[in-house]
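What follows is the residue order along each chain.
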Amino acid sequence: SAAAHGAGNKIVINKHATDGGGEVFTLYEIRNFCELVSDGTNVLRTGTEQATVRGLVALTGDAGIGADTYADIFDTASSTTYSVEEDIGGCWSTSTDDFTVPHKGLYWFGGHLVSAYYISGFYLYKTVSGTTTAITTGDSHSTPYGYATTSNLRLGLNAGDIITWFACNTEGGTHPAKGATDKNKTMCQWSMIRRD
């Protein structure tokens, strides 16, 4: 993949229709590559390969979380109060405010929550076939104006799994996860380490 693809563009390697069609590998960014290997028949499989999937979403304004509530940060904010600063692979939806896994593989998740009052997070939730479960959990205490991170969290995931970033307000009254126009803001990040 020798040329920059541009926003939302990609190069897709497909099987021939006689082999069932469909995507074999997708190149999202310049210098991504895929080696096709024959097994001695007409069937090709991937050998050495590299695909880039990464992104960053950040609050541009505060997102208020209700009293004693776990809340989906970016759904609470809505796409009018956050910025999709990078999304190589097209995994973020501004309709659902979630990340959808494009390919089975190992992924890294990070980011930080800039909190006000007693808000803790991030807590990651995974949805598979409509069933949502907690990946990370926390206790009922946090430090005022503290940072809590999911940095260096690695997860093996399947294509179609959905990841959501939650925070918890452990006090009475609505308090915000902080947003800003500089780097001192609540943000989530992801990247694919390896495609399986």
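Residues numbered from 1 in each chain as written. Predicted model: local features only at pLDDT ≥ 70, side-chain atom pairs only at ≥ 80, totals over all residues. Heavy atoms only, no water.

1. Section: the overall build of the chain
Across its full length, the chain carries one helix and 18 strands. Here the chain holds 196 residues, and the buried ones make up 41% of them. A separation of at least 24 residues holds for 69% of the contacts in the chain among residues at least 6 apart in sequence. Approximately 9900 Å² of the chain is accessible, and the part contributed by carbon and sulfur atoms is 49%. (Helix = DSSP H or I, 4+ residues; strand = E, 2+ residues; numbered from the N terminus. Buried < 20%, exposed > 50% of the residue type's maximum accessible area, 1.4 Å probe, protein only. Contact = heavy atoms within 4.5 Å. Areas by Shrake-Rupley, 256 points an atom, 1.4 Å probe, with all protein chains shown as cover.)

2. Focus on the packing of aromatic side chains
A complete count under the given rule lists 13 aromatic pairs for this structure. Judged by centre distance (5.1 Å) and plane angle (50°), the rings of F99 and W190 are tilted. Residue F99 is located in strand β10 (residues 98-100), and its partner W190 is located in strand β18 (residues 187-195); the two are separated by 91 residues in the primary sequence. Accessibility assignment for this pair places F99 and W190 in one class, buried. Taken together through their ring pairs, the aromatic side chains of F74, Y82, W92, F99, Y107, F109, F122, W165 and W190 make up a single cluster. (Phe/Tyr/Trp six-rings, centres within 6.5 Å; stacked < 30°, edge-to-face > 60°.)

3. A short note on the pattern of salt bridges
Counted according to the given criterion, the structure contains six salt bridges. In this structure, the salt-bridge partner of E23 is R195, at a minimum N-O distance of 3.1 Å. Within this pair, whereas E23 is found in strand β2 (residues 23-27), its partner R195 is found in strand β18, the two being separated by 172 residues in sequence. A salt bridge links K178 to D62; the shortest N-O distance between them is 3.0 Å. Taken together, the positions of K178 in the loop between β17 (175-177) and β18 and D62 in the loop between β5 (54-59) and β6 (63-65) put the pair 116 residues apart, joining distant regions of the chain. Look at the salt bridges and you will find they share partners, linking E29, R54 and E86 into a network. (Salt bridge = Lys/Arg side-chain N within 4 Å of Asp/Glu carboxyl O.)

4. Quick notes on unusual backbone geometry
If you check the backbone angles, R31 has positive phi at about 75° while not being a glycine. Here R31 lies in the loop between β2 and β3 (33-38). The residue S129 is not glycine, and still its phi comes out positive at about 50°. Considering the arrangement of structural elements, one finds S129 in the loop between β12 (119-128) and β13 (131-134). Residue classification places S129 among the exposed residues on the basis of a relative accessible area of 77%.

5. Here's the deal with the nonpolar core
Judged by nonpolar contacts, the single largest core of 36 residues is most densely connected at I73, F74, W92, F99, F109, W165 and W190. Here F74 is in contact with V57, L59, Y82, W92, D97, W165, M187 and C188, once residues within four sequence places are set aside. (Core = buried A, V, L, I, M, F, W, Y, C linked by side-chain atoms within 4.5 Å.)

6. Overview of the confidence of the model for the chain
Counting all residues, the mean pLDDT for the chain is 82, and 85% of those residues have values of 70 or more. Taken as a whole, residues 139-146 scores under 50 in pLDDT and shows 18 contacts with residues more than four places along the chain or in a different chain. (pLDDT = per-residue confidence, 0-100.)

7. Thoughts on the side chain of T186
Along the polypeptide, T186 turns up in the loop between β17 and β18. Owing to a relative accessible area of 0%, T186 belongs among the buried residues under this scheme. At 2.9 Å, the side chain of T186 forms a polar contact with the backbone oxygen of K178. Those residues in contact with T186, other than ones at most four positions away along the chain, are V57, A58, L59, I73, H112, L113, V114, F122, A177 and K178. (Polar contact = N/O pair within 3.5 Å; in protein donor to acceptor, adjacent residues only side chain to side chain.)

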